[in-house]
Amino acid sequence: LGHEPLLYRDLTALENLDLYGRLYRVPERRERIGMLLERYGLWEVRGERVASYSRGMTQRLALCRALLHEPELLVLDEPFTALDAEGAELLDRQLAELAGTATFVLTTHDPERLEQIATRRLALA
């Protein structure tokens, strides 16, 4: 997950995730998409074009895209950017759930946020 969300702004959340789900050959992708949209608070706006989303909503959808195929390795560049308190808490819980089952490399300006789950820490000055 980089700074750019890598979503098609003219497509809806469902259309974006369905496209990526087909590309990654996600089994039971419709169920997985529904679960992620519900978890990240986007179920009610699933049929709206991404162009109408706020930056925080777009970031939530980008997280759904990154998690859709249940990767073993996640590279996240400032994933908390533009998330409100609820969105950041959702991501905190998601990362805690993934700890031990997936490897993730994460850049952040708030390293204390990850102290409970981080196994290594590298500070660049």
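Residues numbered from 1 in each chain as written. Predicted model: local features only at pLDDT ≥ 70, side-chain atom pairs only at ≥ 80, totals over all residues. Heavy atoms only, no water.

By the burial criterion, the buried members of helix α2 (residues 29–39) are Arg32, Ile33, Gly34, Leu36 and Leu37. Buried-residue contacts for α2 involve α1 (13–23) and α3 (55–67). Positioned one or two residues after α2, glycine 41 has a phi angle of 70 degrees, which is positive. (Buried < 20%, exposed > 50% of the residue type's maximum accessible area, 1.4 Å probe, protein only. Helix = DSSP H or I, 4+ residues; strand = E, 2+ residues; numbered from the N terminus. Contact = heavy atoms within 4.5 Å.)

It is worth spelling out the packing of aromatic side chains at this point. In total, this model carries zero aromatic pairs according to the counting rule given. Positioned over the ring face of tryptophan 43 is arginine 46, at 3.8 Å from the centre of the ring. (Phe/Tyr/Trp six-rings, centres within 6.5 Å; stacked < 30°, edge-to-face > 60°. Lys NZ or Arg CZ within 6 Å of the ring centre and 35° of its normal.)

Let us now look at the layout of surface pockets. Using a probe with the size of a water molecule, rolled over the atoms, empty space left in the structure can be pinpointed. Space inside the largest pocket adds up to approximately 700 Å³. Residue lining of the largest pocket: 20 residues in total, with Leu106, Leu114, Arg120, Arg121 and Leu122 positioned closest to the centre. Taken together, the residues of the lining of the largest pocket sort by class into 12 nonpolar, five polar and three charged. Of the pockets and cavities examined, the second largest pocket occupies roughly 190 Å³. Lining the second largest pocket are 13 residues, with Arg32, Glu70, Gln94, Leu98 and Thr101 positioned closest to its centre. Elements supplying a minimum of two residues to the lining of the second largest pocket: α2 and α4 (85–98). For the lining of the second largest pocket, the class distribution of residues is six nonpolar, two polar and five charged. (1 Å grid on protein atoms, 1.4 Å probe; cavity = no way out; pocket = protein on both sides within 12 Å on 5 of 7 lines; lining within 4 Å. Points joined across faces, edges and corners; volume = space filled by probe spheres on them. Nonpolar A, V, L, I, M, F, W, Y, C, P; charged D, E, K, R; others polar.)

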